[in-house]
Amino acid sequence: MTTTTAPFAGRTVSRIGYGALQLERLHDRRGEAVALLRRAVELGVDHVDTAEFYGFGFVNDVIREALRPEDGVLIVTKVGADPDPGGPVPLRLAQRPEQLRASVEDNLRSLGVEQLPVVNLRRLDTGPGLRPEGDQVVDLDDQLAVMTALRDEGKIGAIGLSSVTLDGLRRALPAGIVCVQNAYSLVSRDDEDLLRLCAAEGIAWVPFFPLGGAFPGLPKATDEPVVHAVAESSGVTPSQVALAWLLHHAPNVLLIPGTANAAHLEANMAVSEIAFDAATLAGLDAIESRSSEVPIG
C-alpha cells in the first residue's frame, strides 16, 4: 500500500487532488459544477488545479463559489496562456513577464482571493501541445524574475513549473520550485530523470495526461493488455490501474485527475486504496514507454 499523503508547498496534502478543467463541461449546469466540487471536498480532495483560461473564467468562478476558507483546500493555478474565446484554439500564449503578471491578477480577481497559494509557470519546452513563437519565446530567467517578484509582493505563495525540461528545472531550482507538472504516464515516461530530481529536491511531481493518449496517435495506458489483465484480477478499471501505478512509482507523485461525473470522481479517489504485489508492479513497469511528443508537420 502506498502512503496517502505527501508534502506540497509546505503543507501535507492527499496524494489525489482534482483537476478542475473538466468543470467547463458543466458550463450550462452551474449548480452541478458547484455540487461536484463540494463532493470532491467531502471525499478528501484538498488541492485543486485550475487556470483562468479554463472555461474562460467559468471554472475559477465555480471554485470561488464552491470552496470555503474552512475547507482548507490548496488552490493551484497556472499562467503562461490566456483565454482567447474567438481564436482558432480557445487560448493564446501569454509568456512575456508583463503577461504573466496580468494573468496572476486575473486569477486573483476571478478566484476572489488575496494570494494564489501555488502558481505554475506553464512553459512550452516539452510534451504535447503548442510551442512558442515570435515574442512568445521568452527566457526562463526573465519569467522567474517576475514570478519571484510576485511572490515577494505576496500575490503568490509558491512557484511551480509546467512543461519544463530537466535543464530548465535545474536552472530554476534557486528560485524555490514546489512542483512540476509535465505530461507523464505509465506509457510515456520520458521524464524519469526529471522525476528523480524532483524526488531528491522535495518537489511534488504532478503529471498531466496521466493516462497518456491526450492527442490522436499517442499511446494510451488503457490500451495495454497488461493493464487490462491487472484490472480484471484486481476488480478495478484499467484507468484506476494506470493512476494507481503512478502513486506506486514515486512517493512525490500527486494526481489531479479531472472529471465532470460524480461516479468517476469517486472511482478516482478510490485509487489510493489499490495495492500491487511485487510481480504485478514488475509487469506494469515492463510496459514499453513511448514518447508523448506530437509530431509536427
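Predicted model only: the values in this text are computed from it and were never measured. Each chain carries its own residue numbering, running from 1 in the direction its sequence is written. Where totals are concerned, whole chains, interfaces and linings use all residues; where local detail is concerned, this predicted model gives features only for residues with pLDDT of at least 70, and gives and counts side-chain atom pairs only at 80 or more. Based on all heavy atoms of the structure, the side-chain values leave hydrogens and waters out of the count.

K.L.:
Can you walk me through the pattern of salt bridges in this structure?
P.N.:
In what follows, salt bridge is the name for a side-chain nitrogen of Lys or Arg lying within 4 Å of a carboxyl oxygen of Asp or Glu. Enumeration according to the criterion identifies 18 salt bridges in this entry. With its nearest N and O atoms 2.6 Å apart, the salt bridge here joins D71 to R38. Note that D71 is positioned in the loop between α2 (58-66) and β5 (74-79) and R38 in helix α1 (residues 30-42), a separation of 33 residues in sequence. Here R123 and D125 are joined by a salt bridge, their closest N and O atoms 3.0 Å apart. Burial status follows relative accessibility: with a 1.4 Å probe on protein chains alone, a residue under 20% of its type maximum counts as buried, one over 50% as exposed, and anything between as partly exposed. According to the relative accessible area criterion, R123 is buried, its value standing at 10%. The class for D125 is partly exposed, based on a relative accessible area of 31%. Linked by salt bridges that have partners in common, R30, D61 and E65 make up one network. Starting at the N terminus, helices and strands are each numbered in turn, a helix being any DSSP run of H or I of at least four residues and a strand any DSSP run of E of at least two.

K.L.:
Where do I start with the environment of G157 in this structure?
P.N.:
Within the fold, G157 resides in strand β9 (residues 156-162). Given the relative accessible area of 33%, G157 is considered partly exposed. Distance in space between the C-alpha atoms of G157 and S188 is 31 Å, their sequence separation being 31 residues. In this structure G157 touches Q115, L116, P117 and R151, once residues within four positions along its chain are discounted. In this description, contact between two residues means that some pair of their heavy atoms is separated by no more than 4.5 Å.

K.L.:
Help me understand unusual backbone geometry in this model?
P.N.:
Leave glycine aside and you will find that most residues have negative phi; peptide bonds, for their part, are mostly trans. Phi is positive for A9, close to 55°, though the residue is something other than glycine. Even without glycine at this site, S163 takes up a positive phi of about 50°. Structurally, the position occupied by S163 is in the loop between β9 and α5 (166-172).

K.L.:
So what exactly am I meant to see when it comes to the state of the cysteines here?
P.N.:
Linking two cysteines covalently via their sulfur atoms produces the bond known as a disulfide. Working definition: a disulfide is two cysteine sulfur atoms within 2.5 Å of each other. In this structure the tally under the stated criterion is zero disulfides. The closest cysteine sulfur to the non-disulfide-bonded C179 is located on C198, 8.9 Å from its own sulfur. Among the residues examined, C179 registers a relative accessible area of 0% and is labelled buried.

K.L.:
Looking at this model, I keep getting lost on the packing of aromatic side chains. Mind explaining?
P.N.:
Each aromatic ring pair is summarised here by two numbers: the centre-to-centre distance and the angle between the ring planes. Each pair of aromatic rings taken from Phe, Tyr and Trp, with Trp reduced to its six-membered ring, is defined by centres within 6.5 Å and is described as stacked if the planes are under 30 degrees apart, edge-to-face if over 60, and tilted in the remaining cases. Using the criterion set out here, one finds four aromatic pairs in the structure. Seen from their ring centres, Y184 and W205 are 5.5 Å apart, and the 90° between their planes marks the pair as edge-to-face. Within this pair, whereas Y184 is found in the loop between β10 (177-181) and α6 (192-201), its partner W205 is found in strand β11 (residues 204-205), the two being separated by 21 residues in sequence. Each member of the pair, Y184 as well as W205, is classed as buried. Here the aromatic rings of F208 and F209 are separated by 4.9 Å at their centres, their planes lie at 75°, and the arrangement is edge-to-face. Residue class for F208 comes out buried when judged on its relative accessible area of 14%. Here the aromatic residues Y184, W205 and W245 are joined through ring pairs into a cluster of three or more.

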